[in-house]
Amino acid sequence: MYDPSKIEPKWQKYWAENNTFKAEVNPNKDKYYVLDMFPYPSGAGLHVGHPEGYTATDIVSRFKRMNGLNVLHPMGWDAFGLPAENYAIKTKIHPKETTQKSMGVFRGQIQSIGFSYDWNREINTSSPEYYKWTQWFFLFLYKNGLAYKKLAPVNWCESCKTVLANEQVIDGSCERCKNEVVQKELSQWFFKITDFIEDNGKTDGLLTGLKKIDWPNGTLISQENWIGKSTGANVDFKVKNSKEVIQVYTTRPDTLFGATYMVLSPEHPLVDKLATSEYADKIEKYREVTKKKSDLERTELNKNKTGEFIGAYAINPVNNKEIPIWIADYVLTGYGTGAIMAVPAHDERDWEFAKKFDIPMIEVISGGNIEKEAYVGDGKLVNSDFLNDSNVEDAKSKIIQWLEEKKIGEGAINYKLRDWSVSRQRYWGSPIPIIHCEDCGEVPVPEKDLPVELPDDVDFVPTGVSPLHKSKTFQDVTCPKCGKKAKREADTMDTFVCSSWYMFRYTDPQNDKEFASKEAMKNWCPVDLYVGGAEHTVMHLLYARFFTKVLHKFGYIDFDEPFTKLRHQGMILGEDGEKMSKSRGNVINPDDVIKKYGADTLRVYEMFMGPFEAVKPWSTKSIEGSFRFLQKVWKLVEEKEVIDDVVVTKDLASLLHKTIKKVTEDIESFNFNTAISHMMIFANEVQKHKSVSKPLMEKFALILSPFAPHLCEELWSMLGHKETLAYEKWPEYDEKLVVDSTFNLVFSVNGKVRGKKEVEVGISEEDAISTALEDEGVKRNIEGKEVIKKIYVPNKLVNIVIK
């Protein structure tokens with residue numbers, strides 16, 4: 001009887017006691033590094049959506065080991081973060097305590113599913129042994145001019161009392177607590193990620209590098225769009241009755257003759273200098289409203305257009321016409337110059353704004369009806385003096401040359417990406433290793449004094465400043481340079497910093513001298529396969545790429561992309577078709593599934609639900625099918641007569657080799673669901689036989705083992721083997737046996753199918769046509785008709801053409 005409750009603990013114990021999956025450098029084998037995006041260990045534990053990606057990487061890891069590769073497959077915990085701190089605020093339980101408990105729950109659940117992780121390499125980002133090196137990275141960036149502090153407008157969550165990166169603001173709300181995000185000016189630490197947008201010496205830039213990695217196309221596009229490279233021109237506009245000059249960046253300098261107004265961001269420093277007193281109150285009120293909006297809210301294309309005239313006029317440099325200067329929230333200080341020239345005839349947002357505030361429009365590109373809508377298509381230049389009759393691209397070149405000759409503008413490249421804000425005003429994160437001295441200014445903590453550990457004497461209740469401000473044991477220190485009294489930096493680092501380098505730590509997790517030795521990274525990196533949720537298409541992946549490029553530039557590693565191949569698993573929904581959540585009551589706990597059906601059934605079902613990257617609803621009823629399949633496989637060995645030298649029919653041998661071929665190809669291409677289908681078909685066929693061949697069942701157990709490792713280890717043992725199958729050679733298929741000897745030859749008359757017959761592969765044209773003409777369906781349809789052509793498509797069809 002197939003009893004997973006006995007089989008699975010037995011083999012999990014065996015793997016643990018024998019260190020079966022311990023990864024060690026082997027110069028005689030090629031390496032293969034398989035990595036999951038490590039989980040945040042929440043108190044709720046796993047739900048059935050978590051193991052989907054882990055099962056896929058485990059299948060690949062087991063498959064690669066059996067193909068002779070030296071596999072590194074580690075697991076750890078992304079343990080810092082707001083949820084643990086918020087829980088501490090509510091319960092007064094220290095986040096260290098709750099995090100350790102949650103890690104224990106997660107570890108137990110993951111181990112119960114039989115994943116082949118090397119647990120000797122387990123990491124925890126909230127341990128001082130780990131964040132010592134997170135702090136080392138901060139200092140490394142700081143000493144190389146890539147970390148700096150400045151006063152800057154930031155996204156502020158009043159509920160969480162902390163700064164959020166742009167990527168952490170979703171539709172104007174905090175991604176964590178869903179409360180409104182406002183703009184606030186604070187002194188913040190930044191990493192200069194923008195230094196690595198373009199190629200940096202021998203290091204490919206964040207844009208160039210996208211061309212050489214095997215990632216989902218949607219993710220590549222998201223990265224490219226977030227970086228937001230654009231080509232255009234900087235143009236200088238004089239201001240009427242003022243010595244000030246406003247520089248604007250535009251991607252459409254060809255439309256300069258159509259600029260009928262200018263817009264400054266509400267925060268632009270020239271607003272206060274240029275605004276007239278009669279508009280001062282309106283401007284101030286507008287600014288207050290703008291502060292409550294995130295950058296994403298402000299630039300939303302479908303939002304209602306708002307703005308205020310400031311009472312001043314700029315001079316269009318190409319025609320010397322006065323154009324009014326407005327402020328509007330859709331212009332951001334951080335993008336371009338914080339000022340735009342507005343061409344309402346040829347920009348949808350400018351058109352809506354002009355219509356609302358009754359601002360004139362000038363058509364400068366022919367082809368549309370600007371009374372009805374902005375024309376954004378191609379065409380010839382009109383109403384543009386020396387640019388008239390030029391096409392758009394030629395006009396761009398001409399106007400940039402003209403601007404540069406007049407010394408009032410120049411060609412320019414711009415990016416949407418901004419430097420990475422890493423300061424957080426919370427407790428549960430890595431302290432920033434900087435000391436502030438009145439005499440010496442910013443002083444980096446000496447490396448010998450790392451880690452700067454989190455203190456215990458803190459009140460977690462958020463107040464808008466870091467809880468570390470309240471800790472005297474943490475705050476009060478002596479300056480390492482002058483020895484006078486000083487204060488530690490009280491902000492902690494964004495938790496994304498911890499996950500930007502963890503793939504390197506796995507290669508050398510016990511090293512207390514450096515974050516990882518160059519030799520260890522050379523032996524294992526880069527990551528060959530990385531799997532995780534599509535929600536990380538921008539933040540984590542972009543930051544990890546940045547860290548990798550920094551290390552490459554400074555000679556620590558010989559590669560500049562961290563993840564060679566990336567795949568995203570689709571979300572598993574609740575049975576109601578909604579995202580799983582406690583509030584909906586639709587969460588499925590994998591522990592319950594394992595208790596009833598076993599871990600192998602869970603693994604097989606999650607891979608069989610549909611395409612790996614697709615969104616799929618859970619079905620408790622459907623999981624029964626996966627359990628019955630494994631039960632059937634068990635019975636093939638337990639109940640049938642297994643004979644060493646039983647004669648295997650040609651059809652069954654052919655099916656086995658076809659199955660080996662298809663499963664091999666499907667694992668490589670992440671088509672796990674179809675791989676399982678092929679194995680189900682094979683099992684159904686074997687079930688028809690009274691006795692089974694031992695060599696045949698051995699091969700089948702091996703190809704099924706990445707999907708259902710516990711069951712297959714037990715079958716392998718029952719077939720007489722004493723060692724684990726984890727490192728057995730993956731079965732090869734015979735090319736001769738995977739080619740069909742027969743096929744269905746289709747007969748058609750004037751292109752309409754009239755019959756078919758199974759014939760030998762390679763049938764001659766003469767025999768194929770003869771066979772077709774003997775078919776009753778063909779005879780009926782050509783009787784009394786003139787046959788004017790007979791067409792044979794080899795090994796496919798015969799078409800009879802009649803009048």
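In this text the structure is predicted, and so the values were computed from the model without any measurement.

So, about helix 17 (residues 590–597). Within helix 17 the residues assigned to the buried category are Pro590, Val593, Ile594 and Tyr597. All buried residues of helix 17 project into a common sector of 95 degrees when viewed along the axis, lining one side. Residues of helix 17 that are exposed and point more than 90 degrees away from the buried face comprise Asp592, Lys595 and Lys596. One side-chain oxygen of the residue at the start of helix 17 lies 2.8 Å from the amide nitrogen of Asp591, identifying that residue as Asn589. Just beyond helix 17, the residue with positive phi is Gly598, at close to 100 degrees.

This paragraph deals with the pairing of strand 23 (residues 566–569). Pairing geometry for strand 22 (residues 529–533) and strand 23, over four bridges, is parallel. If you follow Tyr530 over to strand 23, its bridge partner there is Leu566. Between the parallel pair strand 22 and strand 23, the chain is carried across by helix 16 (residues 539–553), and the sense of this crossover is right-handed.

Across the sheet, four strands lie side by side as 18-17-20-19; this open sheet has antiparallel pairing. Either end of the sheet is taken by a strand with one partner, and the two such strands are strand 18 (441–444) and strand 19 (476–478). Across the sheet, the axes of successive neighbouring strands diverge by a mean angle of 40 degrees, strand direction being ignored. Here three bridges tie strand 19 to strand 20 (residues 485–488), and the two strands are oriented antiparallel to one another. Bridge assignment links Thr478 to a residue of strand 20, and that residue is Lys485.

With respect to topology, four strands assemble into an open sheet ordered 29-28-31-30, the strand pairing being mixed. The open sheet has two free edges, formed respectively by strand 29 (752–760) and strand 30 (787–793), since each of these has just one partner strand. When strand polarity is set aside, the average angle formed by the axes of neighbouring strands in this sheet is 15 degrees.

Where side chains of opposite charge bring their charged atoms close, a pairing between them can arise. Overall, the coordinates contain 40 salt bridges when judged by the stated rule. Its salt-bridge partner being Asp254, residue Arg252 comes within 2.7 Å of it at the nearest N-O pair. The partner of Lys522 in a salt bridge is Asp558, with the nearest N and O atoms 2.9 Å apart. Linking Lys522 in helix 15 (residues 518–524) with Asp558 in the loop between helix 16 and strand 23, this pair joins segments that are 36 residues apart in sequence. Just as Lys522 is exposed, Asp558 falls in that class too. Through salt bridges with shared partners, a single network forms among Asp58, Arg62 and Arg603.

The rules behind the values
- Residues numbered from 1 in each chain as written.
- Predicted model: local features only at pLDDT ≥ 70, side-chain atom pairs only at ≥ 80, totals over all residues.
- Heavy atoms only, no water.
- Buried < 20%, exposed > 50% of the residue type's maximum accessible area, 1.4 Å probe, protein only.
- Helix = DSSP H or I, 4+ residues; strand = E, 2+ residues; numbered from the N terminus.
- Arc of directions from axis to C-beta.
- Polar contact = N/O pair within 3.5 Å; in protein donor to acceptor, adjacent residues only side chain to side chain.
- Pairing = 2+ DSSP bridges.
- Right-handed = clockwise from strand over helix to strand, strands pointing away.
- Axes fitted to C-alpha atoms, helices over the stretch in contact; angles between N-to-C directions.
- Salt bridge = Lys/Arg side-chain N within 4 Å of Asp/Glu carboxyl O.

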